Amino acid sequence: MSFLEDFQASLEPLPNILQRKYALLRDLDKSLQDIQRQNELHCLQEIEGFKEGVKSGNIAPGTSLNKFSDEAQDEQKHAIRIADEKVALAVQAYDLVDAHIQQLDQYLKKLEEQRREKDNAAAAGSTGLNPDGNGKTGKSEGGRGGRKKSRVGGAAATAAAAAANAPSMDLDLPVDPNEPTYCFCNQVSYGEMVACDNPDCKIEWFHYGCVGLKEQPKGKWYCSDCGGMQKRKGK
């Protein structure tokens with residue numbers, strides 16, 4: 001049985017237990033009030049008897065007879081016992097609720113620890129899959145001398161990225177000095193990129209924003225340098 005199932009099982013009878021204790025508290029409170037009223041009347045009667053005895057001279061002031069009867073004192077002791085029972089029942093009800101609250105606090109703490117462990121594991125897994133944190137996939141780690149990205153169906157391939165249309169800018173991020181650079185901006189790979197279809201292109205890969213692209217071009221695509229060479233060859 002899981003912690004949650006065990007907690008739910010222990011919580012289920014709690015309302016009925018508390019209801020019985022509160023009902024007993026009400027009964028005790030009613031009995032206490034009855035005893036107190038009875039004792040007050042009894043004591044008033046005995047006080048009036050003392051006064052009459054003093055007036056008639058049957059009782060001298062300050063004598064040992066000037067005290068309540070054993071019956072009246074027993075009523076007072078009975079009232080104290082009932083009050084003590086009420087306090088004990090109230091403490092039991094409080095302790096029951098408090099025990100379940102502490103149980104719930106432990107369960108919530110355990111859930112929070114499990115959530116943090118999952119978050120840490122997910123973060124570690126994400127770092128292991130993409131240690132450079134730039135969100136790119138499919139890019140080879142070759143040097144500048146060779147083709148660094150593959151082509152599909154003769155069209156210029158693009159790298160998957162976190163955002164399309166990345167503008168040419170200086171990235172405010174720490175860059176590995178060994179990371180190869182691309183494009184006219186001479187920056188590292190980021191965002192979506194397009195490859196020049198000239199196999200002899202010196203730059204090869206370009207950021208969409210730097211060459212004015214918003215989506216993958218259809219058919220062959222040449223950078224401005226290689227495009228001019230293709231036109232000259234065609235003349």
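Residues numbered from 1 in each chain as written. Predicted model: local features only at pLDDT ≥ 70, side-chain atom pairs only at ≥ 80, totals over all residues. Heavy atoms only, no water.

In this structure, what is going on with the nonpolar core? I would like to understand it.
Burial of nonpolar side chains together is a common tendency in soluble globular proteins. Ranked by internal contacts, the top residues of the largest apolar core, which has 15 residues, are Val 194, Cys 196, Cys 201, Phe 206, Trp 221 and Cys 223. Mapped onto this core, the elements with two or more residues apiece are strand S3 (193–195) and strand S4 (205–207). Looking at this core, the element that brings in the most residues is S3, giving three residues. Setting aside residues no more than four positions away along its own chain, Phe 206 makes contact with Cys 183, Phe 184, Glu 192, Met 193, Val 194, Cys 196, Cys 201, Val 211, Trp 221 and Cys 223. Within the second largest apolar cluster, seven residues are counted, among which are Leu 25, Leu 32, Ile 35 and Ala 79. (Core = buried A, V, L, I, M, F, W, Y, C linked by side-chain atoms within 4.5 Å. Buried < 20%, exposed > 50% of the residue type's maximum accessible area, 1.4 Å probe, protein only. Helix = DSSP H or I, 4+ residues; strand = E, 2+ residues; numbered from the N terminus. Contact = heavy atoms within 4.5 Å.)

Sorry, what's going on with the packing of aromatic side chains here?
The geometry of an aromatic ring pair is captured by the separation of the ring centres together with the interplanar angle, meaning the angle of the planes. The full count for this structure, using the stated rule, is two aromatic pairs. When the ring of Phe 184 is compared with that of Phe 206, the centres are 4.9 Å apart and the planes differ by 50 degrees; the resulting orientation is tilted. In this pair, Phe 184 sits in the loop between strand S1 (181–182) and strand S2 (187–188) while Phe 206 sits in strand S4, placing the two residues 22 residues apart along the sequence. Taking relative accessible area as the criterion, Phe 184 reaches 38% and is therefore assigned partly exposed. Exposure remark for Phe 206: the relative accessible area of 0% places this residue in the buried category. Their ring planes at 65 degrees and their centres at 5.7 Å tell us that Phe 206 and Trp 221 sit as a pair that is edge-to-face. Placement of Phe 206 in strand S4 and of Trp 221 in the loop between S4 and helix H4 (224–234) is noted, with a sequence separation of 15 residues between them. An identical accessibility class is assigned to Phe 206 and Trp 221; each is buried. Aromatic rings pair up to connect Phe 184, Phe 206 and Trp 221 into one cluster. (Phe/Tyr/Trp six-rings, centres within 6.5 Å; stacked < 30°, edge-to-face > 60°.)

Hey, could you run me through the UniProt feature "binding site: Zn(2+) 2" (unreviewed entry) in the protein chain in this one?
Here, the residues flagged by UniProt with the feature "binding site: Zn(2+) 2" (unreviewed entry) are Cys 196, Cys 201, Cys 223 and Cys 226. These annotated residues cover 31 residues of sequence, and their C-alpha atoms all fall within 8.4 Å of one another, placing them together at a single site. Mapping Cys 196 onto the fold places it in the loop between S3 and S4. When its relative accessible area of 0% is taken as the criterion, Cys 196 is described as buried. Mapped onto the fold, Cys 201 is located in the loop between S3 and S4. Taking the relative accessible area as the measure of exposure, Cys 201 reaches 7% and is therefore buried. (UniProt positions renumbered as here; feature names shortened; annotations may be inferred.)

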